[in-house]
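Topology and contacts: notes
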Amino acid sequence: EKRSFFLENADLFRTDIDVVYSRSIVEPLAGWKLSGRAGNLGLGFLGALDEHPAPSTIGLDYATGESLPGWDAHTIEDQWAFDHLVRARWDTGNGGSVGAIVSDKELVPKALGNRLGGVDAVLPLSQRWKAHAQALYSQTDLEGGAPIHGPAWQVGVSESSERVSFDVSHFGIGEGFRAENGYLEEVGRIGGESQVKLHFRDLGLVRSVEPDVHAGATFDLDAVPT
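Structural notes, computed from the coordinates. (Residues numbered from 1 in each chain as written. Predicted model: local features only at pLDDT ≥ 70, side-chain atom pairs only at ≥ 80, totals over all residues. Heavy atoms only, no water.)

Quick notes on the side chain of Arg-189
The test is simple: By the criteria applied, helices consist of DSSP H or I runs no shorter than four residues and strands consist of E runs no shorter than two, each listed in order from the N terminus. The buried label applies to any residue whose accessible area, calculated with a 1.4 Å probe on protein chains only, is under 20% of its type's maximum; exposed applies above 50%, and partly exposed to all values in between. Under the rule applied, a polar contact is a pair of N or O atoms within 3.5 Å (in protein, one hydrogen donor and one hydrogen acceptor; residues adjacent in sequence only if both atoms are side-chain atoms). Throughout, a contact is declared for two residues whenever any of their heavy atoms are within 4.5 Å.
Inspection of the secondary structure assignment puts Arg-189 in strand E9 (residues 189–198). What makes Arg-189 buried here is its relative accessible area of 3%. One polar contact links Arg-189 to Asp-61, side chain to side chain, over a distance of 2.8 Å. Beyond its immediate chain neighbours, meaning those up to four positions away, Arg-189 contacts Asp-61, Tyr-62, Ala-63, Phe-171, Gly-172, Ile-173, Thr-218, Phe-219, Asp-220, Leu-221 and Thr-226.

This is the structure in structure tokens:
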């Protein structure tokens, strides 16, 4: 993203699950935004009228090759989109926070919508350890069919020191979950991820070197590895 309109206070809209991805607003004819901080409270409101919205990033189950219901190229053809995002986050100190997010994307004139809401939190366990969690739920209108809906979640713990940082998390995304203002590659998945990163800083001409090891496993909802 290089558009200054979307870059300002972009960190406020960032969460563990990518339900906000500004490049999903492709060709905005107009945009409106209010964002900032008052003490420990961060608030953000963003809207745009997109002349040429992109189809959903969810259209295929890569493990089985089956097509998935959603907004394909035919659905968004000759459509405009009204995009709205609302975000609030209260910083509790020591890196902790509690937040909520609401996202809405409406196609016109077909009057199809994707709406989601969720909460997230970061809880300091000690000076170095933190727990983090996020829970979401979405509903999406389909052309010529009943709406689809489903949950998504992520929970984990992380540790950070001067030399080493560590993170382990568990996630799940329901088959009917969609985030048309975000970026998702797969749905109908559960799994886990872990990462260990080393930090070497101020190495003469090199400012920093940070090698890391990352491991993850993903399963479909029938517990079959994907």
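With respect to the pairing of strand E1 (residues 28–38)
In summary, the side chains of a regular strand alternate between the two faces of the sheet. Put simply, the rule reads: Pairing between strands is defined by DSSP: at least two bridges between them are needed.
Pairing of E1 with strand E2 (residues 41–50), which is carried by 10 bridges, proceeds in the antiparallel orientation. Bridge assignment links Ala-30 to a residue of E2, and that residue is Leu-49. Between E1 and the antiparallel strand that follows it, E2, lie 2 residues; Gly-39 among them carries a positive phi value of about 65 degrees.

Examining the pattern of salt bridges
Defined as follows: The term salt bridge refers to a side-chain nitrogen of Lys or Arg lying within 4 Å of a carboxyl oxygen of Asp or Glu.
Under the criterion given, the structure shown has 14 salt bridges. Two residues, Asp-11 and Arg-37, come together in a salt bridge whose shortest N-O distance is 3.0 Å. Highlighted residues: Asp-11 in the loop between helix H1 (4–7) and E1 and Arg-37 in strand E1, separated in sequence by 26 residues. With a relative accessible area of 34%, Asp-11 lands in the partly exposed category. Residue class for Arg-37 comes out partly exposed when judged on its relative accessible area of 43%. Of the charged contacts, one joins Arg-115 and Asp-141 as a salt bridge, the two residues approaching to 3.0 Å between their closest N and O atoms. Here the residue Arg-115 occupies a position in strand E5 (residues 112–124), and Asp-141 occupies one in strand E6 (residues 129–142), the gap between them amounting to 26 residues.

Some thoughts on the layout of surface pockets
The condition is simple: Only protein atoms enter the calculation, which uses a 1 Å grid: trapped sets of points that fit a 1.4 Å probe without letting it out are cavities, open sets showing protein on both sides within 12 Å along at least five of seven lines are pockets, and any residue with an atom within 4 Å of a point is a lining residue. Grid points are joined across faces, edges and corners, and a volume is the space filled by probe spheres set on the points. Classification used: nonpolar for Ala, Val, Leu, Ile, Met, Phe, Trp, Tyr, Cys and Pro, charged for Asp, Glu, Lys and Arg, polar for all others including Gly.
In this structure, the largest pocket spans a volume of roughly 440 Å³. Looking at the largest pocket, it is lined by 15 residues, and the ones nearest its centre are Asp-16, Phe-171, Ile-173, Leu-184 and Glu-193. Of all elements in the fold, only strand E7 (145–160), strand E8 (164–173) and E9 reach the threshold of two or more residues within the lining of the largest pocket. Here the lining of the largest pocket takes 3 residues from E8, the largest share from any one element. Among the residues forming the lining of the largest pocket, the class breakdown is 6 nonpolar, 3 polar and 6 charged.

Thoughts on unusual backbone geometry
With the exception of glycine, most residues fall at negative phi, and the peptide bonds are largely trans. Along the chain, Val-108 connects to Pro-109 via a cis peptide bond; the corresponding omega equals 10 degrees. Within the element layout of this structure, Pro-109 appears in the loop between strand E4 (96–108) and E5. A positive phi angle, close to 60 degrees, is found at Asp-78, a residue other than glycine. By the secondary structure assignment, Asp-78 is in the loop between helix H2 (73–76) and strand E3 (80–93).

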